[in-house]
Each structure stands twice: as C-alpha cells, then as structure tokens.
Amino acid sequence: MPLVDMRDMLKHAYQNNYAIGGFGLVSLDFLEAIIIAAESCRSPVILNLSEPLFDRHDFKLIMPAVERAAQQAKVPVAIHFDHAQTPESISQAISLGCNSVMLDVSAETFTVNIAQTSRVAEMVHACGAAIEGALGFVGGAEGENAVNHLGEACFTPVAETKAYVNRSGVDFLSVSIGTRHGRQHRHTKLDLKRLKHINQEIGIPLVLHGGSGLAEDQYHKLILNGVAKINCYTELSDTAAAVIRCNVQGHAKKGYIEVLQGIKDKLIERIKIFMHLWGSSGRAAEVLMQCRTWQLAEQIVIFQVEKCHLLQINMLIEHGQEQLSSVPGVRQVFSGWSINDPNQIHICWRVQFVHHDVINHCSQVINDCIFSLLSNSANPKLSIAFSPSISKML
C-alpha cells in the first residue's frame, strides 16, 4: 500500500536536495495522468486537492477515487488538502482520506495566524496527519486558480519564521518569495536570499506555491535552498484547455468524449518533464523504504446493558454513532446489538479511524461519549459493563 506519511516523504526530499510535485487535480483525467506519470518515472508524488477549486465539484465524490488510486499505485503517494479555510473542512478532508492538509490563513495577522494554525495543528496531529502552514501571502496573477488568491503579495518575514514554526507546530512551511498563483513569466524575480535565510532559520521542508512556469535554473536554486514540495496546477490546466481548443477547432459537432481526447496523454507528458526537472524521478524505491505507510485502523467497543432497557437500545446506538462520528479522525462507525444472555444485551460499535494514532487520542473521547450518552438518557442508571477494546490495522 504505497499511500505514505507525507512527513517522511518530504523529509527525504529535503535531505537529498530534490522536490516532489504537488500536482493539482480536479478530475479523473488529471488523477490518472498524475499516477501514470509517477509510475513511469518511478517518482514519489503528491495528489493536491485545493479547496477553492472544488466550489463547482463535489469533494466527497472524487475522494474515494483519489484514495483508491493512491492505494493501488506502484510508487509512494500522499494526499494533500490545500488552501483549506476552516478547521471543519480540514477535519472532513482527513476523514475522507487526506493525510496532509494546509490551513491557509496567510492573509491574517501574525498573531491570528499562529493562534488559528496551532489549534488546527493539534487536531491534525492527533489524527496522525501532517500540516502545512503559510507565513507571507502569495497573491494571484493570470490563470484559472489566480482568482482564488487575489491581493498583493507579502513576502515571508525572515525574522518571524522561527517563532511561527515553533509556536504553530507546522510540519512544512509555505513561503512567499516572489512567485504568484497562476501563470508565471520567465522573468519572475525570486528573492533567493530571503529563501536561504528562512531555510537556515527553521530547517524544515519548504513549500512553493505558484510553482508553474519558472525557468529551469530557478527551480534548481529553489530546491537547493530548502524547497521540497512544488505545487503545480495552472500549467496542467492550461495544457488540458489547449487540447480541448484544438479538438473543437473546426469540429463543432464533436461530442464530449471526443473533445477530451488526448488530454491525459498531454498531461502525462508535462508531468514527467517536471518530475525529471525537480529531481524526484527514480526516487520511488528509496522513498518507500524511508516512509511509514498510511493505513486505516479499527477499534471494537463492546458493552452490556440490562435487558429491561431494550426500548432504549436504538436511541443509544443512534446517539452514540452521531457523537463518535463527530470526533476528528473517526472515519465510519458501525453498530449493532444482540441478546446473548437472558438478562443482558450486548451493544457493539466498530469504529474505523483514519490512522492508528487516532486511537490513542480517542480512547478517552469514546469513553466520554458513552458515559455522556448514558447519563443523558431517559434512565441515567443504566447498568453498563465494558469489554476490553480490540484494535487492529486494516
């Protein structure tokens, strides 16, 4: 199962002076192209899903396909939820299969940014996932995604980076050093001196937003100064759009499938160029050896109540599922009950977690849920007996 911990993945890239592409996707064409290109290049890869790009799509519908593709891939894959605006959307993204997230409050003040990011980081780490923070604002230039990041760029302040990382608890830092979301120009001026000082200050993997379209030597200098993840969407979007325009030119009666013909091949071709350019090509085997796998886990919770409370069983199960499902990192809750004793009813909850680490943080929450449920029931004196919890990796 090559779905791996992104902290391990980016640590390897950071220590070995190459960068892994965080390729933005909005459809199955993009998803398949990214995986096929990565397998062809034997490259680790990050599937990037940006919250602002899903205002016209149902994020819940595409995530099962994304997760399935990552699990079946022959190279190390991580799934990243980018530019999240709220703790609620981050919690949902993790529950749906993302194992890395970015809280984007970069437009806020330094104090507010730290306060909000640190609270989310605590929740994300309790789920076993990784978190990317952003200090400094990367604005938007031309392009489809640029409209989601309007405003003047604000460069990352070197003097504040160490305090930000220490106090926020982030695993990676997105920096603003001259790039912009959307289309870049070959003459884009990067503040590499600033980047070098930031890297020396904090010593953690750095992330470049607005990574499309820079010159080859610029990419090399960015990577040598700590950039271990490069986001790329606009150039892929423009590549797909160019294919569609070519397909419809002079052929107004072409159908939907015909119009999309060739998009995947062109995307594969472009992604492979980036993987070679950024140095991730050929690294899959060594990365896989260094990375922890990302696996679901389950815990079985069994308890007993007296048979005289049979009428309250459905209420117990329904309310229990509702409370447990609201816990960050809980993916699904299955439940049932049986009568194995003339006087006792056995109730079972099978709780599926996004990662084994969640169990350590959720055991007390589960107990609190159950006791809270019982104390607020019609009969607070329900007798209850717990069996030992059983945990397993899936």
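For the structure, check the block above.
Basis of the calculations
- Residues numbered from 1 in each chain as written.
- Predicted model: local features only at pLDDT ≥ 70, side-chain atom pairs only at ≥ 80, totals over all residues.
- Heavy atoms only, no water.
- Pairing = 2+ DSSP bridges.
- Helix = DSSP H or I, 4+ residues; strand = E, 2+ residues; numbered from the N terminus.
- Axes fitted to C-alpha atoms, helices over the stretch in contact; angles between N-to-C directions.
- Contact = heavy atoms within 4.5 Å.
- Parallel < 35°, antiparallel > 145°, perpendicular 65-115°, else oblique.
- Left-handed = near helix turned anticlockwise from the far one by under 90°.
- Nonpolar A, V, L, I, M, F, W, Y, C, P; charged D, E, K, R; others polar.
- Salt bridge = Lys/Arg side-chain N within 4 Å of Asp/Glu carboxyl O.
- Buried < 20%, exposed > 50% of the residue type's maximum accessible area, 1.4 Å probe, protein only.
- Phe/Tyr/Trp six-rings, centres within 6.5 Å; stacked < 30°, edge-to-face > 60°.

### So, the sheet that holds strand 3 (residues 77–84)
Move 1: A barrel is described by the order of its strands in space; here eight strands give the closed sequence 1-2-3-4-5-6-7-8, paired in parallel fashion. Here the strands of the sheet are splayed against their neighbours by 25° on average, with no regard to which way each runs.
Move 2: Relative to strand 2 (residues 45–50), strand 1 (residues 20–24) runs parallel, the two sharing three bridges. Its bridge partner lying in strand 2, G22 is registered against I46.
Move 3: Of the strands in this sheet, strand 5 (130–135) and strand 6 (172–175) touch helix 6 (residues 158–168), which is tilted by about 150° from strand 5.

### A look at the packing of helix 6 against helix 7 (residues 192–202)
Move 1: Helix 7 packs onto helix 6 with a crossing angle of 30° between their chain directions and a minimal axis gap of 9 Å. On the basis of the axis angle, helix 6 is roughly parallel to helix 7. Crossing geometry of helix 6 relative to helix 7 is assigned as right-handed. Along its contact with helix 6, which presents V158, T161, K162 and V165, the element helix 7 presents R194, H197, I198, E201 and I202.
Move 2: Class assignment of the residues belonging to the contact of helix 6 with helix 7 gives a composition of four nonpolar, two polar and three charged.

### What about the pattern of salt bridges?
Move 1: For the structure on display, the rule yields 11 salt bridges.
Move 2: E286 is paired through a salt bridge with R283; the nearest N and O atoms lie 3.2 Å apart.
Move 3: Of the residues examined, E286 reaches a relative accessible area of 32% and is grouped as partly exposed.

### A short note on the environment of A69
Move 1: Positionally, A69 belongs in helix 3 (residues 59–72).
Move 2: A69 gets classed as buried once you look at its relative accessible area, which sits at 18%.
Move 3: Sequence separation of A69 and P2 is 67 residues, and the distance between their C-alpha atoms is 9.9 Å.
Move 4: Here A69 is in contact with L31 and I35, once residues within four sequence places are set aside.

### Details of the pairing of strand 5
Each regular strand displays side chains that alternate between the two surfaces of the sheet.
Move 1: Judged by how many residues are buried, strand 5 sits mostly within the fold: six of six residues are covered.
Move 2: Taking every second residue as pointing to the same face, both faces of strand 5 are buried, with A130, E132 and A134 on one and I131, G133 and L135 on the other.
Move 3: For strand 4 (residues 100–103) and strand 5, the ladder comprises three bridges, and the chain directions are parallel. Bridge pairing in strand 5 places V101 opposite I131.
Move 4: Of the strand pairs in this sheet, strand 5 and strand 6 are connected by four bridges, and their pairing is parallel. Bridge pairing in strand 6 places A134 opposite S174.

### Considering the packing of aromatic side chains
Centre-to-centre distance and the angle between the planes together describe a pair of aromatic rings.
Move 1: Counted by the stated rule, this structure contains eight aromatic pairs.
Move 2: Judged by centre distance (5.5 Å) and plane angle (65°), the rings of Y219 and W278 are edge-to-face. In this pair, Y219 is assigned in helix 8 (residues 216–224) and W278 in helix 11 (residues 263–278), connecting sequence segments 59 residues apart. Comparing Y219 with W278, the two get one shared label, buried.
Move 3: When the ring of F274 is compared with that of W278, the centres are 4.7 Å apart and the planes differ by 25°; the resulting orientation is stacked.

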